[in-house]
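Structure assessment
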Amino acid sequence: MRKLLIGVMAALLALALASPGWSVDYKKQYKLSVVVGPNSPWGQLGQRFADEVKKATQGRIEIKCFFAGKLFAGKQTNEFMLLRQGVADFAVGSTINWSAQMRELNLFSMPFLFPDYKALDAVKYGRAGRILLERIEKNGVICLGWGENGFREITNRVRAIEKPADLDGLKIRAVGSPIFKDTFAALGANPVLMNWGDALTAFQQGTVDGQENPVNVVIIPYKIWQYHKFATIWHYVIDPLIIGVGQKTWQQFSQEDQAILRRVAKEVGDWEIGVARQGLTGDMAALKTLRDGGMQVTELTPEQLRAFKAKVKPVWDKWTPEIGEDLVKMAIQEIEASRK
Ligand code: X2X
């Protein structure tokens, strides 16, 4: 009897070793966190990732998406921490929300640092980007791929913003990440930091005058023209997304499945980046949707932009050492090289 039992166990063990994609340790279902809803391309990225991973692993990895910050009661700056702790297994997270725990990620929130998508890509796929991802990994989150929220543009219900003085005293909702408070204070506005879930109510009730978010991924899906008549395209901050997985979860997967996760993240991430940028270069066709919604859209000239950039110098002075002098310098070099 004992011999038989040992024989059966040995056979089971051999079977487990022989099938690299199968492990007794896999959870029945993994949790993926997204701050926004399923209608945004950002939410769709989460769902596509889950669907494609399930298909490619023949159902070995089943991921359920939790939209609108459900996993952390809307407190978006906790997302990275919860991913580290394993409360969420996966997340498609904004660098802004993760910057609360990873100060270096404020690099992307340095006002007027990134002039265009080429500059962003040069940093993301260059040395500075590699260093950032390594640091995140050291902090317990594996980065599988990039997505994109996009360049953040400002909308408000009071007046067209063409120069810094137009921001005077406007109550602008921003994410609860300290660099935004500093930036809007430097620009003469009245920053109000709150979670996205609360922000929608604040727009509705008019307790804030304005907000800043990307065109395709937030302004259009959330129809911000319902609350705000004015939009200014100023590209002041870029907001990349990272498809991440907590270290503890990652270690459970076989090498074969890890490779699948990386491949799928790259594929769906690239798809979403394409959607996030659609109609936002050249003729800026995406802005038509805002105008059709009734918004007055202002596109700033390089000269008008310089006036805003001059105002945020104190933000650069304060935040460069926080992010790391070397990292900021490296990013500036990569951006300059991308412009040649
Ligand atoms: O809260 C925001 O503004 C949003 C949805 O863009 C982020 O999560 C960074």
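Refer to the preceding data block for the structure.
So, here is what we can say about the structure in this document. Not measured: the values here are computed from a predicted model.

1. A few points about the packing of aromatic side chains
Two measures describe an aromatic ring pair: the distance that separates the ring centres and the angle between the ring planes. Tallying each qualifying case throughout the model produces 19 aromatic pairs. Look at phenylalanine 184 and tyrosine 236: their rings are 5.6 Å apart centre to centre, the planes differ by 65°, and that puts the pair in the edge-to-face class. Placement of the pair is phenylalanine 184 in helix H7 (residues 178-186) and tyrosine 236 in strand S8 (residues 230-246), with a sequence separation of 52 residues. Just as phenylalanine 184 is buried, tyrosine 236 falls in that class too. Among the aromatic residues, ring-to-ring pairing joins Tyr26, Tyr30, Phe49, Phe90 and Phe253 into one connected group.

2. A closer look at the site of the ligand
As a structural note, the neighbourhood of the ligand is formed by 13 residues, with Gln76, Asn97, Arg152, Arg173 and Asn213 the closest of them. Here an oxygen atom of the ligand and a side-chain polar atom of asparagine 97 are 2.9 Å apart. Within the contact set of the ligand, an oxygen atom lies 2.8 Å away from a side-chain nitrogen or oxygen of arginine 152. Taken together, the residues of the shell around the ligand break down into 5 nonpolar, 5 polar and 3 charged.

3. Comments concerning the pairing of strand S2 (residues 63-66)
Across a regular strand the side chains alternate sides, sitting on one face of the sheet and then on the other. Here strand S1 (residues 30-33) pairs with S2 via 4 bridges, running parallel. The residue bridging leucine 32 from the neighbouring strand is cysteine 65, located in S2. Considered for its hand, the β-α-β crossover made up of S1, helix H2 (residues 41-56) and S2 is right-handed.

About the cut-offs
Residues numbered from 1 in each chain as written. Predicted model: local features only at pLDDT ≥ 70, side-chain atom pairs only at ≥ 80, totals over all residues. Heavy atoms only, no water. Phe/Tyr/Trp six-rings, centres within 6.5 Å; stacked < 30°, edge-to-face > 60°. Helix = DSSP H or I, 4+ residues; strand = E, 2+ residues; numbered from the N terminus. Buried < 20%, exposed > 50% of the residue type's maximum accessible area, 1.4 Å probe, protein only. Near = heavy atom within 4 Å. Polar contact = N/O pair within 3.5 Å; in protein donor to acceptor, adjacent residues only side chain to side chain. Nonpolar A, V, L, I, M, F, W, Y, C, P; charged D, E, K, R; others polar. Pairing = 2+ DSSP bridges. Right-handed = clockwise from strand over helix to strand, strands pointing away.

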